[in-house]
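Structural characterization, general
Residue-level listing of the chains:
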Amino acid sequence: MTSPRAYVIRVAGEADRERCFAVRREVFVREQGVPEEVELDAYDADALHLLAEGPGGPLGTARVLHGPAVDRKYGASGVDGSTTAALGRLAVRGAARGTGLGAALVRAVEEQARLLGLGGVHLEAQTSALAFYEKLGYTAHGPVFDEGSGIPHQAMHKLL
C-alpha cells in the first residue's frame, strides 16, 4: 500500500494527459468494464485534469469541467457553469486505495474550483461511492440513473 504522503497532486499539462487517461483506463475500463468510448469523451479536450503521482508513477486522477463545458454537459439538469465546477472521472489505482488519495483529489478539485472563482462543485457519483462523497460534505439529490456506463449513479453537490 502506498503511504498517504507518498504522492503529489498537480494540474496535468498536455504532456501528462495520457498518464491521466491510463489511470482511468485501468480503473474504469479494465476493472469496471466501462466501454472506452464512454470513458474517454469529448469533454476531456477542454477539461482541467489533475494527476496524483508517487515514486512509482501515476496513482490517481480527476477531471474538472468549468464554464461552458459544465453548461453543455449538465445544464439540462440545472447546473450553472458560471458558478459551479463539475468533478468527474475520479480514479485511484488499486495500490493507492485506502491511503486518503481519493479524498485529497476531491479537495484538490475543490481548490481548483475556488481558484476559478466558483462557489460549488457538482458530480455524478457511482452509488457505491455515495458514502465517500457524503463524508467530504457532498449531498445527493435526484433519482439514481445510468450515465451510459451501465453503473448506477446519483447527482451530488457541495457549496464551497
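Quick note: structure is the one above.
Quick summary incoming for the structure in this document.

About the criteria used
- Residues numbered from 1 in each chain as written.
- Predicted model: local features only at pLDDT ≥ 70, side-chain atom pairs only at ≥ 80, totals over all residues.
- Heavy atoms only, no water.
- Pairing = 2+ DSSP bridges.
- Helix = DSSP H or I, 4+ residues; strand = E, 2+ residues; numbered from the N terminus.
- Axes fitted to C-alpha atoms, helices over the stretch in contact; angles between N-to-C directions.
- Buried < 20%, exposed > 50% of the residue type's maximum accessible area, 1.4 Å probe, protein only.
- Contact = heavy atoms within 4.5 Å.
- Core = buried A, V, L, I, M, F, W, Y, C linked by side-chain atoms within 4.5 Å.

**Comments concerning the sheet that holds strand β3 (residues 57-65)**
- Taken together, seven strands build an open sheet; the order of strands is β1-β2-β3-β4-β5-β7-β6 and the sheet is mixed. What marks the edges here is a single partner per strand, and that holds for β1 (8-11) and β6 (139-146). The sheet shows a mean angle of 25 degrees between the axes of neighbouring strands, direction not considered.
- Sheet analysis places β6 next to strand β7 (residues 152-159), joined by five bridges and oriented antiparallel. Looking at β7, one finds that D146 is bridged to P152.

**As for the environment of C20**
- Inspection of the secondary structure assignment puts C20 in helix α1 (residues 17-31).
- For C20, a relative accessible area of 0% corresponds to the buried category.
- Residues C20 and A85, 65 residues apart in the sequence, show an inter-C-alpha distance of 19 Å.
- Excluding its chain neighbours within four sequence positions, the residues that come into contact with C20 are A12, H49, L50, L51 and T61.

**Observations concerning the nonpolar core**
- Membership of the largest hydrophobic core comes to 30 residues, with the highest contact counts inside it found for L87, L101, L105, Y133 and Y138.
- Of all the secondary structure elements, the ones that give two or more residues to this core are β2 (48-54), β3, β4 (84-92), α4 (101-115), β5 (120-126) and α5 (130-135).
- Among the elements that make up this core, the one with the highest residue count is α4 (eight residues).
- Once residues lying within four places of it in the same chain are set aside, the contact partners of Y133 are L87, L90, V106, L123, A125, Y138 and M156.
- Judged by nonpolar contacts, the second largest core, of seven residues, contains L65, A69, V70 and Y74.

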